[in-house]
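What follows is each chain in one-letter form.
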Amino acid sequence: MSFLQVIEKIGEELKRSTKELGYEQIEPEVSEPTVKVHGDISSRVCFDISKISKENPVAIAEKISSRIKLDFSEVEAKNGYINFKFNDKYIFDVIEEIRKKGHQYGIPAIENKNKKIIIEHTNSNPNKPIHMGILRNTILGDTLARVFRYVGYETIVLNYIDDSGAQVSDNILAITELGYLKEPIGERYDYYSGRIYAEVHEKIENDLQLRKKKYEIIKKIENGKNEVAQLARQFSERVVMDQLRTCWRVGAFFDLLNWESDIVKSGLLNVVLKELNEKGKLYVPKEGKNEKCTVLKLSDQEEFKNLEEPDEVLIRSDGTITYVGKDIAYAFWKISKPPIDFKYRPFVTQPNGKTLWTTDEEKGEPKTLNVNNADLAITLVDTRQEYPQKVVKTALTFITDKAKYAYRPFLYGIVAISGETAYKISGKKEYVSNKIVHMSGRKGLVVNAEDMLNELAKVARMESRKRNPNIREDLLESISNEIAVAAVRYFMLKTDLNNIIVFDIDEALRLNGDSGPRLQYTYARAYSIIEKAGKYDRGSINQKLIKKEIERELIKEISKFSFYVKETIKDLEPKYLARYAKNLADKFNLFYESCPILTEKEEIRNNRLIILESFLVVFEKVLDLLGIPVLQEM
RNA sequence: GGGCCCGUAGCCUAGUAUGGAUAAGGCGUCGGCUUUCUAAGCCGAAGACCGUGGGUUCAAAUCCCUCCGGGCCCGCCA
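Residues numbered from 1 in each chain as written. Chains lettered and ligands numbered in written order. Predicted model: local features only at pLDDT ≥ 70, side-chain atom pairs only at ≥ 80, totals over all residues. Heavy atoms only, no water.

Brief notes about the protein's contact with RNA strand B
Around RNA strand B, 67 residues are found, and the nearest of them are Tyr-81, Arg-316, Arg-467, Tyr-521 and Ser-528. Among atoms of RNA strand B positioned within 4 Å of the protein, sugar and phosphate together represent 65%. At a separation of 3.0 Å, a phosphate oxygen of RNA strand B approaches a polar backbone atom of Gly-513. In the environment of RNA strand B, a sugar or linking oxygen lies 3.2 Å from a nitrogen or oxygen atom belonging to the side chain of Glu-593. At the level of elements, helix 2 (45–53), strand 3 (81–86), helix 13 (386–399), helix 16 (449–467), helix 19 (516–533) and helix 22 (574–594) are the ones that each hand at least two residues to the surface near RNA strand B. Residues of the surface near RNA strand B, tallied by class, amount to 23 nonpolar, 18 polar and 26 charged. (Near = heavy atom within 4 Å. Polar contact = N/O pair within 3.5 Å; in protein donor to acceptor, adjacent residues only side chain to side chain. Helix = DSSP H or I, 4+ residues; strand = E, 2+ residues; numbered from the N terminus. Nonpolar A, V, L, I, M, F, W, Y, C, P; charged D, E, K, R; others polar.)

Pasting the structure below:
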């Protein structure tokens, strides 16, 4: 039994009894009451009914509740509410089912699981290390992927590499014209690339000659089959390798890298343009601002018509393709089976053992990877891209109705840094008074993910050593790194998607309170009890031996796992699971404080060990979905 | 000009979808709890006119409108 099943049953019961009483049929509202005294579940359905029938809700509640009989719950009418308090049968059934299902316990019953899901995340420009802003994208996307996979969907994770834009070309120019080395010395490739860009960008922008050359490079990258393109690809691949290392460090893995330059070379855009043209959505102005460009017509669309210039350029007058143009082609590929596909080759074997593939129009081979034609394609982008994503989606709906439900931009707020932190990393006093400062690679106002993780690991290491003076050095190393990962992942996941994260280094270095490390710590404490317990009688749980209410509360909380998994999928809200992990840890910590186990006499000891064991099974899986490494000691 | 997001204690946040029964955590401050399973924990105290004004309702942090403050987007950039 689980919370999810139970609320469904309660809903059905309420429906049945309202029907029997002849009331108007409304979908009964069922939710958790704000305070415990009102039970585990309560319904306000009587208030809704009374709006229609004009009868006193208190009287309705009496009538309805007297007709409800449930073997797992007491029913009570109070102040017009109908409250349900789960009994010990529920407690017993929950434990039994967890013991039967193990890690599968949190998988909700969802009707159609034969769907293919694409999740595209990270999407960093291949010219710099991954910073905290991109990491929010990576962590959100990875968690969604973990949850979809857990539930049973075929889930494919893509990483879009924007290698044909202006940023990569700056770096190539630095190497070919400005005397920068192809190989960095004593520096990671992604860091080297980021540094070059910061040093060189301004110079190029202010120099007409260089700027001209830059646009030649962009064209060459898009055309391919030349030395500059080869150099750019080589360079970008090295950077991407380093970026991937950072992703792997936080537990995120991919199935395919989609290179923007390959999208251009593949000719996919022509397919899309043909479709759009047939629908009469394209035109080429003979004069005016967009002279000789291929333009997407949006001015007749309701959501765009109030804009000054709603129409969108897809192909520039010089023949190059805009970002939105490329993205429409790519998005179309994701949700359909176009006549043109990419060429592929294996890129690298990841630490999880899985091959990461890459598109490569020059060195790859035609191959059926089955990584597109998704029923749902989720693209993680920060809110600044809301508008272009709307354009992409609208363009797709011109071609296929499927786009309406199958193409789903997933928006989240950016990560900025606090004034204090900006001062700290740049040394410039003027930032201190700012509430938020936007990250900028060019201004050196960036908190890189690797640096942050290293700092966190350092703090964790000191803490860990304090507690375990004799710990092996390599173990300490891995534990402190995993604590750092937990801290960052939880921090990113618990915050509402609409909120901007104002990142403050000092605040982020905290490992207590409402944090990822506290969740790990909770697990480690629980685990150490099981380990010390040795063999014990694993017979059934005995409800009569439950002495404290918190034992029941802990079990009830455990039983909510599948409910939150389902909600997370339904609303695409990773924070639901993060909050659940916290609530579950809270309950366990209370249990831990007031229910000694190893020192109790055998009956109670066994009973509590059974509860503990169920907690560990579920909590381990919850942490896994959040990508928080589980630690048996820390 | 058009569109989107945020405003809850000194600070950071949850709660807003589906209005209801005592606004929930964390940091910080103050005070407790280790002869007992890891104190990265737990308990307690102080701290909130839920940005403003109005409206809808038996009932508003939550819905509608006004205003104020902050952020973002609307390019032949990506």
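Looking at the packing of aromatic side chains
Per the counting criterion, the structure on display carries 24 aromatic pairs. Aromatic side chains Tyr-523 and Phe-619 sit 6.4 Å apart centroid to centroid with 25° between the ring planes, which places their arrangement in the stacked category. Residue Tyr-523 is located in helix 19, and its partner Phe-619 is located in helix 23 (residues 602–626); the two are separated by 96 residues in the primary sequence. Each of the two residues, Tyr-523 as well as Phe-619, counts as buried. Here the aromatic cluster, defined as three or more aromatic residues joined through ring pairs, consists of Phe-3, Phe-72, Phe-86, Tyr-90, Tyr-150, Phe-561, Phe-563, Tyr-564 and Tyr-580. Of note, Lys-334 hangs over the ring of Tyr-330, and the distance from its end group to the ring centre comes to 4.6 Å. (Phe/Tyr/Trp six-rings, centres within 6.5 Å; stacked < 30°, edge-to-face > 60°. Buried < 20%, exposed > 50% of the residue type's maximum accessible area, 1.4 Å probe, protein only. Lys NZ or Arg CZ within 6 Å of the ring centre and 35° of its normal.)

A word on the nonpolar core
If you look at the biggest cluster of nonpolar residues, it comprises 142 residues, and the most contacted ones within it are Met-132 and Leu-244. Counting residues per element, this core draws most heavily on helix 23, which supplies twelve residues. The next biggest cluster of nonpolar side chains, apart from the first, holds 43 residues, and it includes Tyr-160, Leu-268, Leu-276 and Ala-406. (Core = buried A, V, L, I, M, F, W, Y, C linked by side-chain atoms within 4.5 Å.)

A look at the sheet that holds strand 17 (residues 501–503)
Strands pair in a sheet through their backbones, by hydrogen bonds, and they do so in one of two ways: parallel or antiparallel. Taken in spatial order, the three strands line up as 16-15-17 in an open sheet, and their pairing is mixed. Taken across any chain shown, the strands that pair with only one partner, and hence form the sheet edges, are strand 16 (436–437) and strand 17. Pairing geometry for strand 15 (residues 415–418) and strand 16, over two bridges, is antiparallel. Within strand 16, the residue paired with Ser-418 across the bridge is Ile-436. Sheet strands in contact with helix 15 (residues 419–426) are strand 15, strand 16 and strand 17, and its direction is about 80° off that of strand 15. (Pairing = 2+ DSSP bridges. Contact = heavy atoms within 4.5 Å. Axes fitted to C-alpha atoms, helices over the stretch in contact; angles between N-to-C directions.)

As for the pairing of strand 4 (residues 116–120)
Along strand 4, five of the five residues are buried, which leaves the element largely enclosed by surrounding structure. Because side chains alternate across strand 4, one face comprises the buried residues Lys-116, Ile-118 and Glu-120, and the other comprises Ile-117 and Ile-119, equally buried. Bridge count between strand 4 and strand 5 (residues 154–161): five bridges; the pairing is parallel. In the strand pairing of strand 5, Ile-117 is matched with Thr-155.

Remarks on the packing of helix 4 (residues 88–101) against helix 20 (residues 549–558)
For the pair helix 4 and helix 20, interaxial distance at closest approach is 10 Å and the crossing angle is 55°. In terms of axis orientation, helix 4 runs oblique to helix 20. Crossing handedness for the pair helix 4 and helix 20: left-handed. When helix 4 is examined against helix 20, the residues Asp-88, Tyr-90, Ile-91, Val-94, Ile-95 and Ile-98 are found in contact with a partner set consisting of Arg-552, Ile-555, Lys-556 and Ile-558. In the contact of helix 4 with helix 20, the residues fall into seven nonpolar, no polar and three charged. (Parallel < 35°, antiparallel > 145°, perpendicular 65-115°, else oblique. Left-handed = near helix turned anticlockwise from the far one by under 90°.)

Remarks on helix 19
Its 18 residues place the ends of helix 19 26 Å apart at the C-alpha level, agreeing with the 26 Å of an ideal helix rising 1.5 Å per residue. Taking burial as the measure, the 18 residues of helix 19 include 14 buried ones, the bulk of the element. Taking the backbone nitrogen of Arg-518 as reference, a side-chain oxygen 3.3 Å away marks Ser-515 as the first, capping residue of helix 19. Downstream of helix 19 by a residue or two, Gly-534 has a phi angle that is positive, lying close to 70°. (Expected span 1.5 Å × (residues − 1).)

Description of the domain arrangement of chain A
One frequently used descriptor of interface size is the decrease in accessible area upon assembly of the parts. Partitioning chain A into domains gives domain 1 (3–86), domain 2 (116–415), domain 3 (418–506) and domain 4 (511–626). Centre-to-centre separation of domain 1 and domain 3, based on C-alpha positions: 47 Å. (Domains from an automatic or database assignment.)

Focus on unusual backbone geometry
The phi dihedral of Lys-225 is positive, around 55°, even though this residue is not glycine. Within the secondary structure, Lys-225 is located in the loop between helix 8 (208–223) and helix 9 (227–249). Classification of Lys-225 by relative accessible area gives exposed; the value is 76%. One non-glycine residue, Leu-572, lies in the positive phi region at around 50°. The class of Leu-572 is buried, set by a relative accessible area of 4%.

Things to note about the side chain of Lys-556
Checked against the element boundaries, Lys-556 lands in helix 20. Residue class for Lys-556 comes out buried when judged on its relative accessible area of 7%. Apart from the residues lying within four places of it in its own chain, the contact partners of Lys-556 are Asp-40, Lys-85, Phe-86, Tyr-90, Ile-91 and Glu-549.

A look at the sheet that holds strand 12 (residues 365–366)
Pairing is mixed in the open sheet, where eight strands are placed in the order 12-10-11-6-5-4-13-14. Where the open sheet ends on each side, the last strands, each with one partner, are strand 12 and strand 14 (407–412). Of the strand pairs in this sheet, strand 13 (residues 376–382) and strand 14 are connected by six bridges, and their pairing is parallel. The residue of strand 14 that forms the bridge with Ile-378 is Arg-408. Strands strand 5, strand 6 (256–259), strand 10 (343–349) and strand 11 (355–359) of the sheet are contacted by helix 9, whose axis makes an angle of about 50° with strand 10.

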